[in-house]
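Listed below are the residues making up each chain.
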Amino acid sequence: MSTTHGERPDHDGHAGHDHHDAHMGHEAASGVDLHASHDPHAGHDMSTHAGHDPHAGHDMSTHAGHDPHAGHDMSTHGGHGGHGGHGDHVGQFRRLFWIMLVIAVPTIAFSPMFASILGYSLPDNPVIPWISPVLGTVMYFWGGKPFLTGAWSELKARKPGMMLLIGLAITVAYFASLGASLGLLSHHLDFWWELALLIVIMLLGHWIEMRSIMQASSALDALAALLPDEAERVVSNGSTHEGASGAPSTETVSPSELTVGDLVIVRPGGRVPADGEVVDGTAAMDESMITGESSTVARGPGAHVVAGTVATDTAIRVRVGAVGDDTALAGIQRLVAQAQASTSRAQRLADRAAGWLFWFALGAAVITAIAWTLLGDPDDAVIRTITVLVIACPHALGLAIPLVVSIATERAAKGGVLVTDRLALETMRTVGAVLFDKTGTLTKGEPAVTDAAAAPGHDLDEVLVLAASAEGDSEHPLAKAIVAEAAHRGLATRAAQDFEASAAIGVRATVDGRAVQVGGPGMLQRDGLEPLAASVAWAEAGSTVLHVLVDGQVAGAIALADEIRPESKEAVDALHALGVQVVMITGDAEPVARTVAAQLGIDRVYAGVRPEDKSAKVQELQHEGLSVAMVGDGVNDAPALAQANVGIAIGAGTDVAIASAGVILASSDPRSVISVIELSRASYRKMSQNLWWAAGYNLVSVPLAAGILAPIGFVLPMSVGAILMSLSTVIVAANAQLLRRLDLRPEASTRAVLDRAS
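Residues numbered from 1 in each chain as written. Predicted model: local features only at pLDDT ≥ 70, side-chain atom pairs only at ≥ 80, totals over all residues. Heavy atoms only, no water.

1. Considering the overall build of the protein
Right, on to step 1. Within the protein one finds 27 helices and 22 strands.
Right, on to step 2. The buried share of the protein, taken over its 758 residues, is 57%.
Right, on to step 3. In the protein, the share of contacts with a sequence separation of at least 24, taken over all contacts with a separation of at least 6, comes to 71%. (Helix = DSSP H or I, 4+ residues; strand = E, 2+ residues; numbered from the N terminus. Buried < 20%, exposed > 50% of the residue type's maximum accessible area, 1.4 Å probe, protein only. Contact = heavy atoms within 4.5 Å.)

2. Observations concerning the sheet that holds strand β11 (residues 433-437)
Right, on to step 1. The mixed open sheet is built from 7 strands, whose spatial order is β10-β22-β21-β20-β11-β18-β19. Pairing within the sheet leaves two strands with one partner each, and these edge strands are β10 (417-419) and β19 (604-606). Averaged over all pairs of adjacent strands, the angle between strand axes in this sheet comes to 20 degrees, irrespective of strand direction. (Pairing = 2+ DSSP bridges. Axes fitted to C-alpha atoms, helices over the stretch in contact; angles between N-to-C directions.)

3. Things to note about unusual backbone geometry
Right, on to step 1. Backbone geometry places Asp498, a non-glycine residue, at a positive phi of 55 degrees.
Right, on to step 2. Among the structural elements, Asp498 can be located in strand β13 (residues 496-502).
Right, on to step 3. For Asp512, which is not glycine, the phi torsion reads 55 degrees and is therefore positive.
Right, on to step 4. Secondary-structure assignment places Asp512 in the loop between β14 (506-511) and β15 (514-519).

4. Observations concerning helix α5 (residues 145-157)
Right, on to step 1. Here α5 contains 13 residues, and its C-alpha end-to-end distance of 18 Å stays within 8% of the 18 Å for a straight helix at 1.5 Å per residue.
Right, on to step 2. Within two residues after α5, Arg158 carries a phi angle of roughly 55 degrees, on the positive side. (Expected span 1.5 Å × (residues − 1).)

5. Remarks on helix α19 (residues 533-540)
Right, on to step 1. All of the buried residues in α19 are Ser535, Trp538 and Ala539. Within α19, the buried residues cover an arc of 95 degrees as seen down the axis, which keeps them to one side. In α19, the exposed residues that point more than 90 degrees away from the buried face are Ala533 and Glu540.
Right, on to step 2. Against the buried residues of α19 lie β12 (443-454), β16 (544-550) and β17 (553-564).
Right, on to step 3. Gly542 occupies a position one or two residues after α19 and carries a positive phi of about 100 degrees. (Arc of directions from axis to C-beta.)

6. Quick notes on the pairing of strand β20 (residues 628-632)
Right, on to step 1. The buried fraction of β20 is high, at 5 of 5 residues.
Right, on to step 2. The alternating pattern of β20 places Val628, Met630 and Gly632 and Ala629 and Val631 on opposite faces, both of which are buried.
Right, on to step 3. Relative to β20, β11 runs parallel, the two being bridged by 4 bridges. Each bridged residue has a counterpart across the sheet, and for Val434 the counterpart in β20 is Ala629.
Right, on to step 4. The pairing of β20 with strand β21 (residues 646-650) spans 4 bridges and is parallel. When the sheet's bridge partners are listed, Val631 is paired in β21 with Ile648.

7. Side note on the packing of helix α4 (residues 128-143) against α5
Right, on to step 1. At a closest axis distance of 5 Å, the pairing of α4 and α5 adopts a crossing angle of 50 degrees. Between α4 and α5, the crossing angle belongs to the class labelled oblique. Contact with α4, carried on its side by Tyr140, Phe141, Trp142 and Gly143, involves Lys145, Pro146, Phe147 and Leu148 of α5 and no other residues of that element.
Right, on to step 2. Residue classes in the contact of α4 with α5 are distributed as 6 nonpolar, 1 polar and 1 charged. (Parallel < 35°, antiparallel > 145°, perpendicular 65-115°, else oblique. Nonpolar A, V, L, I, M, F, W, Y, C, P; charged D, E, K, R; others polar.)

8. Observations regarding the environment of Ala487
Right, on to step 1. Considering the arrangement of structural elements, one finds Ala487 in helix α17 (residues 477-488).
Right, on to step 2. Along the sequence, Ala487 and Leu464 sit 23 residues apart, while their C-alpha atoms lie 9.9 Å from each other.

9. Details of the confidence of the model for the protein
Close reading of the predicted structure is inappropriate where its pLDDT is low.
Right, on to step 1. On average, the protein scores 76 in pLDDT, and the residues at 70 or more come to 75%.
Right, on to step 2. Confidence over residues 1-87 falls short of pLDDT 50; this stretch has 255 contacts with residues more than four positions distant or in other chains.
Right, on to step 3. For the stretch residues 212-217, pLDDT sits under 50, and the model shows 16 contacts to residues farther than four places along the chain or on other chains. (pLDDT = per-residue confidence, 0-100.)

10. Re the pattern of salt bridges
Right, on to step 1. Within this structure, the stated rule accounts for 23 salt bridges.
Right, on to step 2. Two residues, Glu251 and Arg233, come together in a salt bridge whose shortest N-O distance is 3.0 Å. Pair noted here: Glu251 is in strand β2 (residues 250-253) and Arg233 is in strand β1 (residues 231-234), with a separation of 18 residues, a long-range link.
Right, on to step 3. Note that Glu570 and Arg751 form a salt bridge whose closest N and O atoms lie 2.6 Å from each other. Here Glu570 is found in helix α20 (residues 568-577), whereas its partner Arg751 is found in helix α27 (residues 746-757), with 181 residues between them in sequence. (Salt bridge = Lys/Arg side-chain N within 4 Å of Asp/Glu carboxyl O.)

11. Concerning the pairing of strand β18 (residues 581-585)
Right, on to step 1. Taking burial as the measure, the 5 residues of β18 include 4 buried ones, the bulk of the element.
Right, on to step 2. Taken together, β18, helix α21 (residues 590-600) and β19 constitute a β-α-β crossover, and its handedness is right-handed. (Right-handed = clockwise from strand over helix to strand, strands pointing away.)

12. A look at the sheet that holds strand β3 (residues 263-266)
Right, on to step 1. Ordered in space as β2-β1-β3-β9-β4-β7, the 6 strands form an open sheet in which the pairing is antiparallel. Across the chains shown, the open sheet's two edge strands, defined by having one partner strand only, are β2 and β7 (304-305).

13. A short note on a nonpolar patch on the surface
Right, on to step 1. Taken together, Trp130, Val134, Leu182, Leu184, Leu185 and Val382 make up a surface patch of nonpolar side chains, about 570 Å² in accessible area.
Right, on to step 2. Here Leu182 lies in the loop between α6 (162-181) and α7 (192-210). (Patch = residues over 30% accessible without salt bridge, like charges linked within 9 Å, V, L, I, M, F, W, Y side chains within 5 Å. Areas by Shrake-Rupley, 256 points an atom, 1.4 Å probe, with all protein chains shown as cover.)

Take a look at the structure:
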């Protein structure tokens, strides 16, 4: 957000008023890093990704052990490479849940076993006994389809998990109930009500989980949307062929048709279609969608521009230097896809538990069948074996984590935190380092006046009034900051005439008959004037320094810098109290970064980091054994957000940064990171408690249902086992509700942490 005197004379002050970048000492915005010719993968070991389809070898399900698409018509994904239909995929589960819930009501109500458990009688009508079998059959083949096909996928992959355990239970329950209804098996095996309840509960849990899957590709969609639909190419092999009107002859083509060496025209407000070099014209380029920086940057002849950036004020001609996969934007896309793919392979605890329970239930069923058969009671062997397989199905396990996550994310939203990825929520409790992107995260991302001084014989308020009056009609961030400072001090600006803006110099206007100029070092050098003594220290600290000339003499100087958010210091202190390292990464020059870090008490600083190297810095911290949470707001943060163990996007940031993150801070308050950690730790405790309860129920009830205590005269009745199974679900749900007591407002979470530490 700064410059120093004598550097980059072609970008002094807020030249062109500008077309100048307020971050003159800022490498990411200056063109040194973003626009230099570079490999978009520089700084990254891409060997692990060679020839790698980001989606190959892993599934995108929240259940690592099963295919989320199993049993679903994937035609909705056509044309999107397997991405675009995720939203409809979630909709399918939602619709299926509600339909099955409606069908389940009569299925359960007319089930003979359910009626006997609750002690009511069914009407004496020949149709009544067939209501549950008919509706239960519909539920099994329609509502159970995703679980049956998922079970088949796990079986083929020889990786038993949740889907195989559910599929086994509903299949056994269906055929046992059908056999009981047809009189082929004991009436004790009437499980229609249990089948219906199981399918509905599992669809609910799966629907809750599947909502997070559709986030996987939205970052790539947002990146692709940065490219314009059309490009205006100059004909005659890039020569400036003049038509009758004197204008160059052009043709409209798709960006994909451009080749290296083509000359394209980017009109005011238009997006650059491909990476290249400006050959004619100077424009204030909006690179916020790439860098996350709010200020425009002057790009003239010889400067590199990146695909997706916008020429805000004037037209420029660009010689194409890179197209397609060679552009910086495509490089960022690849990094996002690769990091997302590697993160999505994480094994879920609930799936591992389901895998263990599958073998436990299967082993218990085999032992039960053999034991009761050897005891000479084959009828009881069938009843006991089927009972074991049915009640082993994880009602509570299927909801143990989704319910906690659902409530946790709802509580988080009320605290200004949006959780889009379950794994991010689970991981946040273990982070050892939080990596903040400086601009727009710890700072406001826009300049503010930090200091001002008047030359001898001049009044400071008068200097500010004259400067603000000269800048009054400008939309430049530096101009707005000066005008805002004057307003903050209660100073009224005056009318200005004869306004002029000069590239690399500054602005000139007449105020109350006096010639007022506001500009940077270039203005002083042109007029042979010396900077105000106080301004030297400001420049050395990394501030942007503008001088005010009145009638050709130095009247004062104004220091501007990216303003630190008032909440940042408290956020850093709270993270330290939690034992978490705080690291800052920025494209800013070293003096700027060190100044901000010193004010906030930050542990480590990475300054002058190129956009494409931010992801490498995350990997560097990870190689030190740290679990890293990255907080950022720009497209250039997207690969780092995806690479980090937890990506946290500032809600005021770009769509791509938000889509690449697992957690989104709806506000720009960095203290919300504390809320995420507190939520993660609380929700993990609830997940663990629910998993132990759900698994513990199975570990106790299955042996009892198998008849392990039969020698002492106790065998768990089937109806009691089924009731206990439903009761375990109620207990898990009630335990999850306790999360609602959390106050996740940023100020509340931070204060709670600091109070505990004091």
